[in-house]
Amino acid sequence: MSNSVGQNLIQQPFLRPTVLEHQSKLKNSSGVPTNSVCATASLNQSPAQPRKYKLSTKFFGNSISERKQKLAMGSQRAVKFIPQAVLAADPASEHLGKFNIDGNIELQVDAGAPTSGSITQVNFRIMYSSDSLLLHWGAIRDRNEKWVLPSRQPEGTKNYKNRALRTPFVNSGSSSYLKLEIDDPHIQAIEFLIFDEARNKWIKNNGQNFHVELPQRETLISNISVPEDLVQIQAYLRWEQKGKQMYTPEQEKEEYEAARAELLEEIARGASVEDVRAKLTKRNGQEYKETYIQETKNKIPDDLVQIQAYIRWEKAGKPNYSPEQELREFEEARKDLQSELEKGVSLDEIRKKITKGEIETKVSKQPQSKRYFIVKRIQRKERDLMQILNKHSVKSVEECISVEPKLLTAVERFAKEKELDGTPVMNKKIYKLGDRELLVLVTKPAGKTKIHLVTDFEEPLTLHWALSKMSGEWLPPPSSVLPRGSVSLDGAAESQFSTNSSTDLPKQVQCIEMEIKDGNFKGMPFILLSGGKWIKNNGSDFYVEFSRRFKQVQKDAGDGKGTSKALLDRIAEMESEAQKSFMHRFNIASDLMDQAKDTGELGLAGILVWMRFMATRQLIWNKNYNVKPREISKAQDRLTDLLQRIYTTHPQYQELLRMIMSTVGRGGEGDVGQRIRDEILVIQRNNDCKGAMMEEWHQKLHNNTSPDDVVICQALIDYIKSDFDISVYWKTLNENGITKERLLSYDRAIHSEPSFRRDQKDSLLRDLGHYMRTLKAVHSGADLESAISNCMGYSTEGEGFMVGVQINPVAGLPSGFPELLRFVLRHVEDRNVEALLEGLLEARQELRPLLLKSSDRLKDLLFLDIALDSTVRTAIERGYEELNTARPEKIMYFISLVLENLALSSDDNEDLVYCLKGWHHAISMCKSQSTHWALYAKSVLDRTRLALASKAEWYQRIFQPSAECLGSLLGVDQWAINIFTEEIIRAGSAATLSSLINRLDPVLRETAHLGSWQVISPVEVVGYVDVVDELLAVQNKSYDRPTILVAKSVKGEEEIPDGTVAVLTPDMPDVLSHVSVRARNCKVCFATCFDPKILADIQANKGKLLRLKPSSADVVYSEVKEGELADSSSSNLTGDGPSSLTLVRKQFGGKYAISAEEFTPEMVGAKSRNISYLKGKVPSWVGIPTSAALPFGVFEKVLADKLNKEVDEKLKILKKKLGGGDFGALGEIRQTVLQLAAPPQLVQELKSKMQSSGMPWPGDEGEQRWEQAWTAIKKVWASKWNERAYFSTRKVKLDHDYLCMAVLVQEVINADYAFVIHTTNPSSGDSSEIYAEVVKGLGETLVGAYPGRALSFVCKKNNLNSPQVLGYPSKPIGLFIRRSIIFRSDSNGEDLEGYAGAGLYDSVPMDEEEKVVLDYSSDPLINDGNFQQSILSSIAGAGNAIEELYGSPQDIEGVIRDGKVYVVQTRPQM
């Protein structure tokens, strides 16, 4: 049989397949989807109807896209279109049954009444919400009680043990829905049960199966027959439509009879046998060919038909068309264009006319109809996630700072002194008057208002002033408030400034003070008079308000550290000019962009802070200046064109530039700005509303339009739609930050409320709706609908005096992109947001390649991308309810979508991309029911949380200093400054993502049996609760009572403070990190708490006495009485008695360097001796690196050399300083040690020993390489004076001078993985169990302060081939290095029994390690079970062998290279 029909359907390049959330996709009995296109041609088309074999025309969203019939000319695959499941009951349907279960669950079953041979649709609706609800069903045929399993099955159906079918319901709100299609005429009934898989709950009919009888089919006219050859053709077509399945003989018979029934039905409707034969024979291919040839002649490009269909749909009011209407509309659009072509118009001319809306078309507005269909789904393309990777090198903050300390002027110093006296400051403003300054400061001591005016003018100065009760008034001041020597005038007063000669000020100033007791006065207008000349504020009166809502004392701008201070000062100087209008502000911003760009990320951050203060109404938008809207849009165009250019030339700043653009309107092509003026007049004229509020708004728009006008327009629309409910008008305004006071504050104030007649309603809604597009085009670049229109293009004709507007479509949009955007628009307000999110992300991915290219319309694409980004966030927030009962897989899917969105908006997004790959892998593991899916997902969640914290820290570092500095300079409300960075984070995807992972975290912990705690050191203690931000900040503190520290941050390298009995943290230090080892050694309880509620409860007990009772996986806490503390022995307080630990000073043994054979206790520490001892004793498959050493006493010998006399003398002074308690000397000592010179004999001996041990000599590669090695050796010696080590020895009263440092020299093994083993499980104390942690790359990320967790596992010593993974890695960074030498610390302080001295001192490689962001999704240790088992078993085996060698528990460090285990050091486990 020919296979040409299915293969010769072409996928149109502009067409995006639609996948429905549910399901009437045909399936065979095995549950495999069919490959049929034709069988599902239309939503409501019965199989028995005449088939046109034409892909139906469908709307994507509220839009049209065409599915056409064509003969394929290549090998493009056919597109599958799936019919849509109907949720609403068909009015013609037959009621089969209604059941009440358990008194509160309602089940209803309906069926469409079939005619003979047609498909029977059975619709199920149950008032029960679950994402895991299944219909467990079968069919009854020929009254046989045994279930038969129909071959026609909905998508997702699974065969259950060949005894039943299981089909998933679709969850929608509080109900679940399902549709079956029965095409077997012999099936009389359906029997079923309902099963909630997640809850393991069966829903039955009083303990029995549900049974519903299907409607009886009409009897065919008995004397009609169909030729058998036609039945065979129809059966073949059915077989082809169902994917050419392998049928059983019984199924073949069923299909044959179903084909006969379809043809009989068609004949019963009036078709002749000849008609049927003609259609069937044409259907075998000829019809396709003819249609294709005809369409080729038409020559109307598909993209033009799409645009015309879109225009028709818009003109019709964006209705929800039925499938038949959609098909008609698409064909009508084609006819519109065909008629133009027949008139002789060229395709190029048609393309121009269509964008102007000049194609003649007749279309009437359609009534909005309710949607009854489940949301359609776009089919996302398979993409390599690495394609969205951004890696840019950005100058560090320090490199960008160029700050010269700025001395305060005399006026600024005066203001600061007044602010520091504790009196509430109500208002403060410093005016720049040429090279002079004027301070106006309003304070409120004891309920009175006090005004201070201070200036550095040297000439005599007169204040001409008045008081006011409302803006614009000049009222004569009462005589009681006049300063001495004042003169009352008509409606004003004049007062002389007097000299203030304070010695604290750098310059003499003049000042006036006055007190106002009358609380009715709200402000003071004034001007200045000097030398017969009036001095004004840019041509206007000065005005000071006596009270400002929410105003708090401003912090001093300080020295601007961490900012581009020169730029911020320039912005502050220009602010009085910028306040005049948006035109001024945007032009000033444009003038400053080069300076900002050249300063780097801090300069652009300064512009962003300024623009955001403007956007959040913290700065004045318009002041005494009349500006045309087109002048505003022109200034916007200038600024956004500059931002567009920098976006292309400086890709490392794209994230910052996007954020700046989001605060600035788009501006207007085609004189959109002027249309703001013109169109409001047309609205007034057309709707007879020329007075009152509309006239006031008209005057405001003419004077200075602003983003507030978008809100006012929306408030009017909402007011009219609510049937003129004025409270709705005010609600919309207030929710968007516009109060009555703000309306009155405009230069052209709006005093009145709207008032319209009912007969104006429809006309006003239409005109204001059109006007909203004009307003958004200028002011709301990131508004989704406006951004889409600007990219798709539109045209608006002038009317009378109105200008016309034409926005051309952006060239080069991806194929199918318009349909994708229309899909987004249609579903943008859907309650179930999953399909919308997929559409938004697909649109952003399609858009991304265009954003990487330079073009004159790049900014329109950027505004569109910003709008899509923002819509993802709002959609997720609306979809939270959808996730309340969702299974983990769905929450993880939502997380992956939001993370993808964040990655698409972020610079340097490598960590985010690898997190995203991790989530995809976790979802795959979950779907395949992998045993460890939850454990792996938890590690990805932890890493994602770290990535979000890192991004928040970057925002805080880049933005907050600029917000504080510029906010202070501009007098911004302090509360707005304080929350500046927080609000930026809250406005983006990062906050949404954080909320989602917090929702998933407890689910994963429960699934993976992790509990709420990880107990690192299980010690029962009693102590007083104290809460700190960082353990590092208190590590040198001594508590005078037993203290339980709750520390928000613990990195892993800290010391535990004296007096601390427990450390509890939400942070995740490794179990084998320094702080963890220290806690176990000091018998301090140490645990990570994963549950924020539990941790918050413990924090709430701050100052109270608690008892902690930890087990291996939990911590029980309870409040205790003071008396119980005396009974506890867990105080861990610093004692005053002598230390039992002593150090023996080591002497120089006469050699600068020794080989491993010479390692003795007198020469080196335990680290070196242990590694030498292992050589030749461990199994041959365990590698031991070759070693040499600089023994004890070499440092002291080098220091005493005459080469280093000056260094020696300087160190003696610094040590004395340290002994006096100046701990700042520690850093100076370390820097001084680095100045040591190497005696020639040391160089010669070390070279000889290294070469004889088989190690390369660095000097062979040049003198610079030796200098690198020598610096590394000195850094090891200098680490004797690092803070952690120094304070650790002080706590145990070790004599720091007696501490000696040998240096172990080893060749670095460029590790694939590094590990640390404790041969007795440190958390449980189980000596039969090995515990180990593994990281990618070098081990410094494991033992150092690197965030995230290592892979951890345990292994029983009697079963070394069965390691058990406890946790997967979440460390984002791995360290890798070239072939090199490492110099390891080996002090005599690391050998002491009972003192955990290991890890206190530094090991330094000769070469700097390379930091690599890790991708675990491709790591065989994570996703290859055999490789994982092999590596982990080898690590455990090495640990067990070394423990047997020493006869005691060991703490072992090592690496894996090419699958081989190397041990680099071992010591007794503490």
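Residues numbered from 1 in each chain as written. Predicted model: local features only at pLDDT ≥ 70, side-chain atom pairs only at ≥ 80, totals over all residues. Heavy atoms only, no water.

## Some points on the side chain of Arg1284
Right, so step 1: Mapped onto the fold, Arg1284 is located in helix α40 (residues 1283–1291).
Right, so step 2: By relative accessible area, which is 11% here, Arg1284 ends up buried.
Right, so step 3: Not counting the four nearest positions on each side in its chain, Arg1284 is found in contact with Gln1035, Glu1053, Glu1054, Glu1055, His1074, Gly1399, Leu1400 and Tyr1401. (Helix = DSSP H or I, 4+ residues; strand = E, 2+ residues; numbered from the N terminus. Buried < 20%, exposed > 50% of the residue type's maximum accessible area, 1.4 Å probe, protein only. Contact = heavy atoms within 4.5 Å.)

## Considering the packing of aromatic side chains
Right, so step 1: The full count for this structure, using the stated rule, is 29 aromatic pairs.
Right, so step 2: On the numbers, 5.4 Å between centres and 55° between planes, the contact of Phe1148 with Tyr1152 is tilted.
Right, so step 3: What makes Phe1148 partly exposed here is its relative accessible area of 27%.
Right, so step 4: Given a relative accessible area of 5%, Tyr1152 falls into the buried group. (Phe/Tyr/Trp six-rings, centres within 6.5 Å; stacked < 30°, edge-to-face > 60°.)

## What to know about the confidence of the model for the protein
For residues with low pLDDT, the predicted coordinates do not support detailed interpretation.
Right, so step 1: When pLDDT is averaged across the protein, the result is 81; 83% of the residues are at 70 or more.
Right, so step 2: Low pLDDT (under 50) marks residues 549–555, which in the prediction has 23 contacts with non-local residues, meaning those over four places away or in another chain.
Right, so step 3: Long-range and interchain partners of residues 1129–1138, a stretch whose pLDDT sits below 50, account for 22 contacts in this model, where long-range means more than four residues apart. (pLDDT = per-residue confidence, 0-100.)

## A look at helix α26 (residues 888–904)
Right, so step 1: A rise of 1.5 Å per residue sets the reference length of α26, with its 17 residues, at 24 Å; its end C-alpha atoms lie 24 Å apart and thus fit the reference within 8%.
Right, so step 2: The buried count for α26 comes to 15 of 17 residues, which makes it a mostly enclosed element. (Expected span 1.5 Å × (residues − 1).)

## Remarks on the pairing of strand β43 (residues 1381–1387)
Right, so step 1: In terms of burial, β43 is a largely internal element, seven of the seven residues being buried.
Right, so step 2: Burial along β43 is two-sided: the face carrying Ile1381, Phe1383, Ser1385 and Ser1387 and the face carrying Ile1382, Arg1384 and Asp1386 are both buried.
Right, so step 3: Bridge count for strand β37 (residues 1301–1307) against β43 is seven bridges, and the pairing is antiparallel. Paired with Ala1302 across the strands is Asp1386, a residue of β43.
Right, so step 4: One ladder, built from two bridges, connects β43 with strand β44 (residues 1404–1405); its direction is antiparallel. Paired with Ile1382 across the strands is Pro1405, a residue of β44. (Pairing = 2+ DSSP bridges.)

## Some details on the environment of Cys791
Right, so step 1: Positionally, Cys791 belongs in helix α22 (residues 784–792).
Right, so step 2: Not counting residues up to four positions away in its chain, the partners in contact with Cys791 are Pro809, Val810, Leu813, Asp860, Leu861 and Leu864.

## Examining the packing of helix α38 (residues 1240–1252) against helix α39 (residues 1263–1278)
Right, so step 1: One can describe the packing of α38 onto α39 by two numbers: an axis separation of 13 Å at closest approach and a directional angle of 100°. Taken as axis vectors, α38 and α39 run roughly perpendicular relative to one another. Here α38 contributes Leu1242, Val1243 and Leu1246 to the contact with α39, which in turn contributes Trp1266, Trp1270 and Ile1273.
Right, so step 2: Residues belonging to the contact of α38 with α39 are distributed by class as follows: six nonpolar, no polar and no charged. (Axes fitted to C-alpha atoms, helices over the stretch in contact; angles between N-to-C directions. Parallel < 35°, antiparallel > 145°, perpendicular 65-115°, else oblique. Nonpolar A, V, L, I, M, F, W, Y, C, P; charged D, E, K, R; others polar.)

## A short note on the nonpolar core
Right, so step 1: The biggest cluster of nonpolar side chains holds 159 residues, and the ones touching the most others in it are Trp610, Leu864, Trp919, Phe959 and Ile1435.
Right, so step 2: Here this core takes 17 residues from helix α28 (residues 933–970), the largest share from any one element.
Right, so step 3: Leaving out residues up to four positions away in the same chain, Leu864 has contacts with Leu784, Ala787, Ile788, Cys791, Phe817, Leu821 and Leu847.
Right, so step 4: Counting 46 residues, the second largest nonpolar core, distinct from the first, contains Leu1218, Leu1246, Ile1273 and Val1303. (Core = buried A, V, L, I, M, F, W, Y, C linked by side-chain atoms within 4.5 Å.)

## Topic: the sheet that holds strand β32 (residues 1105–1110)
Right, so step 1: Reading across the sheet, the seven strands line up as β27-β31-β30-β29-β28-β32-β33 and stay open at both edges, with mixed pairing between neighbours. Edge positions in the open sheet fall to β27 (1013–1017) and β33 (1115–1119), since each of these has one partner strand only. Adjacent strand axes in the sheet meet at a mean angle of 35°, parallel and antiparallel pairs treated alike.
Right, so step 2: Of the pairings in the sheet, the one linking strand β28 (residues 1021–1030) to β32 comprises four bridges and is antiparallel in character. Bridge pairing in β32 places Gly1023 opposite Leu1106.

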